[in-house]
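A structural walkthrough
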Amino acid sequence: MIHRAEDPGDILLFLTGEEEIEDACRKIKLEADDLINQDPSSVGPISCIPLYSSLPPQQQQRIFDPAPAPTTKDGPPGRKVVVSTNIAETSLTIDGIVYVVDPGFSKQKVYNPRIRVESLLVSPISKASAQQRAGRAGRTRPGKCFRLYTEKDFMKELEEQTHPEILRSNLSNTVLELMKLGIKDLVSFDYVDAPAPETLMRALELLNYLAALDDDGNLTPLGGIMAEFPLDPQLAKLLIVSPEFKCSNELLTITAMMSVPNVWLRPNNQRREADAAKASLTVPDGDHLTLLNVYNQYVLNKQDKNWCWSNYLSQRALQQADNVRAQLQRTMERFDVDLISLSDEKKLFINIRQALVCGFFMQVAHKEGEKGNYLTVKDNQASGLSHISVVALHPSCGLDTQPEWVIFNEFVLTTRPYIRTVSEVKAEWLVEFAANYFDLSTFQDGETKRALQRAWNKRTGRGDANGPEGKKKSGKGSKQNDSDERLFKKRRTDGKD
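Residues numbered from 1 in each chain as written. Predicted model: local features only at pLDDT ≥ 70, side-chain atom pairs only at ≥ 80, totals over all residues. Heavy atoms only, no water.

**Some words on the overall build of the protein**
Regarding its fold elements, the protein presents 19 helices and twelve strands. Taken against the 2.2 N^0.38 rule, which gives 23 Å for 497 residues, the C-alpha radius of gyration of the protein at 26 Å falls within 12% of a compact globule. The principal-axis extent of the C-alpha atoms belonging to the protein is close to 85 × 55 × 50 Å. As displayed, the protein has an accessible area near 24900 Å², and 49% of this comes from carbon and sulfur atoms. (Helix = DSSP H or I, 4+ residues; strand = E, 2+ residues; numbered from the N terminus. Rg over C-alpha atoms; globule rule 2.2 N^0.38 Å. Areas by Shrake-Rupley, 256 points an atom, 1.4 Å probe, with all protein chains shown as cover.)

Next up, the structure:
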């Protein structure tokens, strides 16, 4: 409609994500081709350009290309259409944009304290964002903003400002930093925007289970070192305990790869080739091992740009991972965390997955039934306390089977809830490396509890049905903290020798 009825000028359309943008670009191109075929003298050509963060830099630069020339000498001028996420809202200015189309939605990263993962959720924008988007129109001459919602909705439904990030983020790292600074009264602390009490409590609970805080809420020596790493506490814990599993070199690489944007490229017109390239690099035991393999192959191929291109990998993301790895290695060396590897690959891969349990034991899912559905452990999606449905493995997951137990790093809500960046683990590892968290007295009856009971019985050599349930405990994290502290102190002593 804008192309047929409005004066010359480029268009900026805001959408929420990569898939939606690529789909819109394809439809716009088809519509534009139909218009030109029907009446080439009344409309000019259209170039439709996607823009989102995972696009390669050279493709992102296309947004600055001029609009296409008229098809005939005296024909109507061409028009450029940029279809973008909200990165075009504030991060850059595109010359020639005269018309903005604003549907009123964006994707925001939101932390769910109940399942302890961050998710990208589509939500309405704020009035401030709406005004910012409108300001993109007519930077060089008068323009128009077409809002695909009513004035009533703008006035009554939209928030004045976007929610501050502290209200929708994982606070475990923030809490650890505050504890390191000697601030213990987190509830009365003078925040600019006070976070929800549940988010603070979940952060304290996580830090206690990770042995960063003792049962009295005091910072442990292990927690003091975790606070020095520029990472989420779970990843910091992984790196510190990794020498015990003789795989600290590999976990350093995996941590770096998990700290950068997605390394996989999947162009819309080359999806089959991209999927084949990814399959050739996939390790079937888990996505974490696949990330390790990708980095190792990148180094073996001497960080070659052409190798990245032919394997549909983002060289920029891999370069970032290399830089992050070097920075984290310096921090590990500062605290005498040894860099160790095993030559036996099979044993190495098992040790890596066991070490991952030490950091991500609170992000475990158990397979239920034969339909490939999983329930997250503890925050059981089938319980009446949860508002989230059963989860499934994301289609991008590289596992060649559907194992009974998995750990995951991302929760994705699209057509249904998915878990992503997944690796297979064993129930025996859960009760060995996170015994206190997997205390059966805290579980509801069901498949998950029965599977854990079998693992407990196998570990203790007991055949009774009670296992460890009902044992007297001195505190929520005391036994696990004691175990982690002993490992930590032993390694520190060995390092001094």
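Following the structure, the description resumes.
**Focus: helix 5 (residues 127-134)**
Of the positions making up helix 5, those classed as buried are Lys 127, Ser 129, Ala 130 and Arg 133. Summarising the axial view, the buried residues of helix 5 lie within an arc of 160 degrees, below the 170-degree limit, and thus occupy one face. Next to the buried residues of helix 5 lie strand 1 (10-14), helix 4 (87-90), strand 4 (97-102), strand 5 (105-112), strand 7 (144-147) and helix 6 (151-156). (Buried < 20%, exposed > 50% of the residue type's maximum accessible area, 1.4 Å probe, protein only. Arc of directions from axis to C-beta. Contact = heavy atoms within 4.5 Å.)

**Structural notes on the packing of helix 13 (residues 287-300) against helix 15 (residues 315-334)**
The N-to-C vectors of helix 13 and helix 15 enclose an angle of 95 degrees; their axes lie 11 Å apart at closest approach. Comparing their axes, helix 15 and helix 13 come out roughly perpendicular. On helix 15, the residues that touch Val 294, Tyr 295 and Tyr 298 of helix 13 are Gln 315, Leu 318, Gln 319, Asp 322 and Arg 325. (Axes fitted to C-alpha atoms, helices over the stretch in contact; angles between N-to-C directions. Parallel < 35°, antiparallel > 145°, perpendicular 65-115°, else oblique.)

**Considering the pattern of salt bridges**
One pass over the full model with this rule turns up 16 salt bridges. Lys 27 is paired through a salt bridge with Asp 23; the nearest N and O atoms lie 3.3 Å apart. Taken together, the residues span about one helical turn, with Lys 27 and Asp 23 both in helix 2 (residues 18-38) at a distance of four residues. Its relative accessible area of 49% is what places Lys 27 among the partly exposed residues. (Salt bridge = Lys/Arg side-chain N within 4 Å of Asp/Glu carboxyl O.)

**A closer look at the sheet that holds strand 11 (residues 405-413)**
The strand order around the closed barrel formed by five strands is 8-9-10-12-11, and the pairing between neighbours is mixed. Pairs of neighbouring strands in the sheet enclose a mean axial angle of 50 degrees, with direction left out of account. Across two bridges, the pairing between strand 10 (residues 391-393) and strand 12 (residues 417-425) is parallel. Pairing of Ala 392 across the sheet is with Tyr 418, part of strand 12. Together, strand 11 and strand 12 form the strand contacts of helix 13, whose direction differs from that of strand 12 by roughly 75 degrees. (Pairing = 2+ DSSP bridges.)

**Side note on the packing of aromatic side chains**
For the structure on display, the rule yields ten aromatic pairs. Residues Phe 245 and Phe 433 carry aromatic rings whose centres are separated by 5.3 Å and whose planes lie at 70 degrees to one another, so their mutual orientation is edge-to-face. With a gap of 188 residues between them, Phe 245 in the loop between helix 10 (233-241) and helix 11 (248-258) and Phe 433 in helix 17 (residues 427-433) connect regions that are remote in the sequence. The exposure class of Phe 433 is buried, given its relative accessible area of 18%. A network of ring pairs unites the aromatic residues Tyr 209, Phe 361, Tyr 437, Phe 438 and Phe 443 as a single cluster. The ring of Phe 154 carries Lys 127 above its face, with NZ or CZ at 5.9 Å from the centroid. (Phe/Tyr/Trp six-rings, centres within 6.5 Å; stacked < 30°, edge-to-face > 60°. Lys NZ or Arg CZ within 6 Å of the ring centre and 35° of its normal.)

**A closer look at the pairing of strand 9 (residues 373-376)**
Strand direction decides the pairing type here: strand 8 (residues 364-368) and strand 9, joined by four bridges, are antiparallel. Bridge assignment links Glu 368 to a residue of strand 9, and that residue is Asn 373. Between strand 8 and strand 9, which pair antiparallel in sequence order, lie four residues; one of them, Gly 369, sits at a positive phi of approximately 75 degrees.

**Digging into the sheet that holds strand 7**
Pairing is parallel across the open sheet formed by five strands, whose spatial order is 2-3-1-4-7. Of all strands in the sheet, those bounded by a partner on one side alone are strand 2 (46-51) and strand 7. This sheet shows a mean twist of 20 degrees between the axes of neighbouring strands, independent of strand direction. Contacting strand 1, strand 2 and strand 3 (79-84), helix 2 crosses the sheet at an angle of about 180 degrees to strand 2. Sitting on the sheet, helix 5 is in contact with strand 1, strand 4 and strand 7, with an inclination near 140 degrees to strand 7.

**Details of the packing of helix 11 against helix 13**
Where helix 11 contacts helix 13, the axes come no closer than 9 Å and their chain directions differ by 95 degrees. It follows that helix 11 is roughly perpendicular to helix 13 by the angle criterion. Across the interface between the two elements, Glu 250, Thr 253, Ile 254, Met 257 and Met 258 from helix 11 touch His 288, Leu 291, Leu 292, Val 294 and Tyr 295 from helix 13. Looking at side-chain class alone, the contact of helix 11 with helix 13 contains seven nonpolar, two polar and one charged residues. (Nonpolar A, V, L, I, M, F, W, Y, C, P; charged D, E, K, R; others polar.)

**Here we look at the state of the cysteines**
Under the criterion given, the structure shown has zero disulfides. Summary of cysteine pairing: Cys 247 is not part of a disulfide, and the nearest cysteine sulfur, belonging to Cys 358, is at 9.3 Å. (Disulfide = S-S within 2.5 Å.)

**So, the environment of Glu 244**
You can see Glu 244 is positioned in the loop between helix 10 and helix 11. For Glu 244, a relative accessible area of 28% translates into the label partly exposed. C-alpha of Glu 244 to C-alpha of Ala 355: the two residues are 111 residues apart in sequence and 8.6 Å apart in space.

**Quick notes on the domain arrangement of the protein**
For the protein, the assigned domains are domain 1 (1-163), domain 2 (168-227), domain 3 (230-341) and domain 4 (362-460). Inter-centroid distance (C-alpha atoms) of domain 1 to domain 2 is 41 Å. Contact residues are listed per partner, giving ten residues for domain 1 and seven residues for domain 2. Taken over both partners, the interface formed by domain 1 and domain 2 buries close to 840 Å², and the fraction arising from carbon and sulfur atoms is 45%. Where domain 1 packs against domain 2, one counts zero salt bridges. With four residues, the top contributor of residues to the side of domain 1 that touches domain 2 is strand 5. For the side of domain 1 that touches domain 2, the residue count by class is three nonpolar, three polar and four charged. (Domains from an automatic or database assignment. Buried area = accessible area lost by both parts, 1.4 Å probe.)

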